[in-house]
Amino acid sequence: MALVPTLTQYLIEQLSKHPNQRDLVLIMSDLAAIGKYISRETNRAGIAGVRGAADAINVQGEEVQKLDVFSNELCKDYLCRTGHFCAMASEEEDTVVDMRGFGEDAHYVVAFDPLDGSSNIDANVSIGTIFSVHRKRGDVAPASAEQFFQNGLSQVLAGYVLYGSSTVLVFSFGDGVHEFTLDQGLGEFLLSNERIMIPNTCSYYSTNEGNTSYISEKDRRFIEYLKMEQKISARYIGSLVADFHRNLVKGGIFLYPGVDKSDTGDYKGKLRLNYEAKPLAFLAQQAGGRATDGMQDILDIMPSSLHQRTPLIIGNKDIVDEYILANKS
Ligand code: AHG
Ligand code: MN
Ligand code: MN
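Residues numbered from 1 in each chain as written. Chains lettered and ligands numbered in written order. Predicted model: local features only at pLDDT ≥ 70, side-chain atom pairs only at ≥ 80, totals over all residues. Heavy atoms only, no water.

**Here we look at the overall build of the protein chain**
Across its full length, the protein chain carries eight helices and 17 strands. For 329 residues, the compact-globule formula gives about 20 Å, and the C-alpha radius of gyration of the protein chain, at 19 Å, lands near that figure. Seen through its C-alpha atoms, the protein chain measures out along the principal axes to roughly 50 × 50 × 45 Å. Looking at the 329 residues of the protein chain, the share that counts as buried comes to 56%. The long-range fraction of contacts in the protein chain, counting pairs at least 24 apart against all pairs at least 6 apart in sequence, stands at 65%. When the accessible surface of the protein chain is summed, it comes to about 14300 Å², and 48% of that surface belongs to carbon and sulfur atoms. If the 31 positive side-chain charges of the protein chain are averaged to one point and the 43 negative ones to another, these points end up 2 Å apart. (Helix = DSSP H or I, 4+ residues; strand = E, 2+ residues; numbered from the N terminus. Rg over C-alpha atoms; globule rule 2.2 N^0.38 Å. Buried < 20%, exposed > 50% of the residue type's maximum accessible area, 1.4 Å probe, protein only. Contact = heavy atoms within 4.5 Å. Areas by Shrake-Rupley, 256 points an atom, 1.4 Å probe, with all protein chains shown as cover. Lys, Arg positive; Asp, Glu negative; His and termini not counted. Charge placed at Lys NZ, Arg CZ, Asp CG, Glu CD.)

**Brief notes about the coordination of the manganese ion (ligand 3)**
Here the manganese ion (ligand 3) is held by the protein donor atoms Glu 91 (OE), Asp 113 (OD) and Leu 115 (O), which lie 2.0 to 2.2 Å from it. Site description for the manganese ion (ligand 3): donor spacing in sequence, E-x21-D-x1-L. Here Leu 115 falls in the buried class, since its relative accessible area comes to 1%. (Donors = N, O, S within 2.8 Å, 3.2 Å for Na, K, Ca; no water.)

**Observations concerning the coordination of the manganese ion (ligand 2)**
Of the protein atoms, only Asp 113 (OD), Asp 116 (OD) and Glu 276 (OE) coordinate the manganese ion (ligand 2), at distances of 1.8 to 2.1 Å. In primary-sequence terms, the residues that donate to the manganese ion (ligand 2) follow D-x2-D-x159-E.

**Focus: the packing of aromatic side chains**
In the structure shown here, the tally under the stated rule is eight aromatic pairs. With a centroid separation of 6.2 Å and an interplanar angle of 65°, the aromatic rings of Tyr 37 and Tyr 78 are classed as edge-to-face. Separated by 41 residues along the polypeptide, Tyr 37 in helix 2 (residues 22-43) and Tyr 78 in helix 4 (residues 66-80) bring together distant segments of the chain. Tyr 37 sits in the partly exposed class, given a relative accessible area of 35%. Among the residues examined, Tyr 78 registers a relative accessible area of 27% and is labelled partly exposed. One aromatic cluster is present, formed by Tyr 10, Phe 171, Phe 173 and Phe 180 through successive ring pairs. (Phe/Tyr/Trp six-rings, centres within 6.5 Å; stacked < 30°, edge-to-face > 60°.)

**Quick word on the state of the cysteines**
Applying the stated criterion to the full structure yields zero disulfides. Take Cys 80: it sits in no disulfide, and the sulfur closest to it among the cysteines is that of Cys 86, at 11 Å. (Disulfide = S-S within 2.5 Å.)

**Observations concerning the layout of surface pockets**
Counted as a void, the largest pocket has a volume near 410 Å³. Contributing to the lining of the largest pocket are 24 residues, with Gly 117, Ser 118, Ser 119, Gly 238 and Lys 270 lying nearest its centre. Those elements that provide at least two residues to the lining of the largest pocket are strand 2 (63-65), strand 5 (108-116), strand 13 (252-256) and strand 14 (271-272). Partitioned by chemical class, the residues of the lining of the largest pocket number six nonpolar, eight polar and 10 charged. Residue-level mapping places the lining of the largest pocket at the junction of two domains, with at least three residues from each of domain 1 (7-193) and domain 2 (204-328). (1 Å grid on protein atoms, 1.4 Å probe; cavity = no way out; pocket = protein on both sides within 12 Å on 5 of 7 lines; lining within 4 Å. Points joined across faces, edges and corners; volume = space filled by probe spheres on them. Nonpolar A, V, L, I, M, F, W, Y, C, P; charged D, E, K, R; others polar. Domains from an automatic or database assignment.)

**A look at the sheet that holds strand 10 (residues 188-193)**
Reading across from one edge, 4-3-5-6-7-8-9-10 is the order of the eight strands in this open sheet, with mixed pairing throughout. Since the sheet does not close on itself, it has two edges, and those belong to strand 4 (97-98) and strand 10, each with one partner. The sheet contact formed by strand 8 (residues 167-172) and strand 9 (residues 178-183) spans four bridges and is antiparallel. Note on strand 9: the bridge partner recorded for Val 168 is Thr 181. Across the sheet, helix 2 lies against strand 3 (85-90), strand 5, strand 6 (127-135), strand 7 (155-163), strand 8, strand 9 and strand 10, angled at about 20° from strand 7, the strand it touches most. (Pairing = 2+ DSSP bridges. Axes fitted to C-alpha atoms, helices over the stretch in contact; angles between N-to-C directions.)

**Here we look at the pairing of strand 8**
For strand 8, a buried count of six out of six residues is recorded, marking the element as mostly surrounded by other parts of the structure. Burial along strand 8 is two-sided: the residues Thr 167, Leu 169 and Phe 171 and Val 168, Val 170 and Ser 172 are all buried. Where strand 7 lies against strand 8, six bridges are found, and the strand directions are antiparallel. Bridge pairing links Tyr 160 to Val 170 in strand 8. Two successive antiparallel strands, strand 8 and strand 9, enclose a turn made up of five residues, where Gly 174 displays a positive phi of approximately 95°.

This is how it looks when you write it as structure tokens:
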């Protein structure tokens, strides 16, 4: 039987090649441990009584689920102890979490969507955890929101853990995108896909068709073009991380354009820049794809607020390029 490398072996090898990446390798290992905890909890959510709403509304105005709370607390408590981070941003935290209790001279900041796709939890549909790591800015206070006003290109590590039919960890240090699958028996992530590239053919488009009446005429036309002229199949899970992963390995485009539900002509993005769009855009680019808000590359956008939202069109480069062109015309 051919043995595949475990994440630990892979990271140690990485370290021997790039000794200056010591911190990032340790951080990746901590994030993987968090992924294992959340994976275990999501798998037994039904029997452990952690399904359902937590009777709270988050800063986004959305109902918080018990697993959102569990995942957020875990990210905070676990990473606090590592001493690598001075600040954490999370979908479930109104403001920046000061992480310096265990690491006065921490060099990094981390942004999380602790549980993405939480409306799918009770239906046993794939969900995930998304993370984005930047170096600490030296020119602003260590635990300030401004730490997260960094564009996507300056991420040093980004990725996600997807709790699907199996649990996979996908990440990039900026040198290719790698996937590890959790062997539940061993409790170890095993290398399952190295240097993933998005297939050239765009096999799927993923969008919430229920928003058709809320999106712009240009966006409607482009989605019609995908269906009627490109004859691409539709797949939409409603968990960004799962939709993204499928498109990453099968080829596809995910579209969550601006929506205008108040009929004022003001089309607003839903997805969050710091912990949804930016990290996935980093992975897309590393895998030969592209991400845009329609006007600029997601990786070029400089956030100006912690929970900033953005339209997100992400996936196969050629088809995202077409979207950008169509949006200009
Ligand atoms: P979250 O569960 O972290 O709040 O994210 C939900 C997001 C994203 O996962 C998904 O792509 C999108 O919301 C789905 O939105 P719609 O239900 O409007 O399609
Ligand atoms: Mn999310
Ligand atoms: Mn979430």
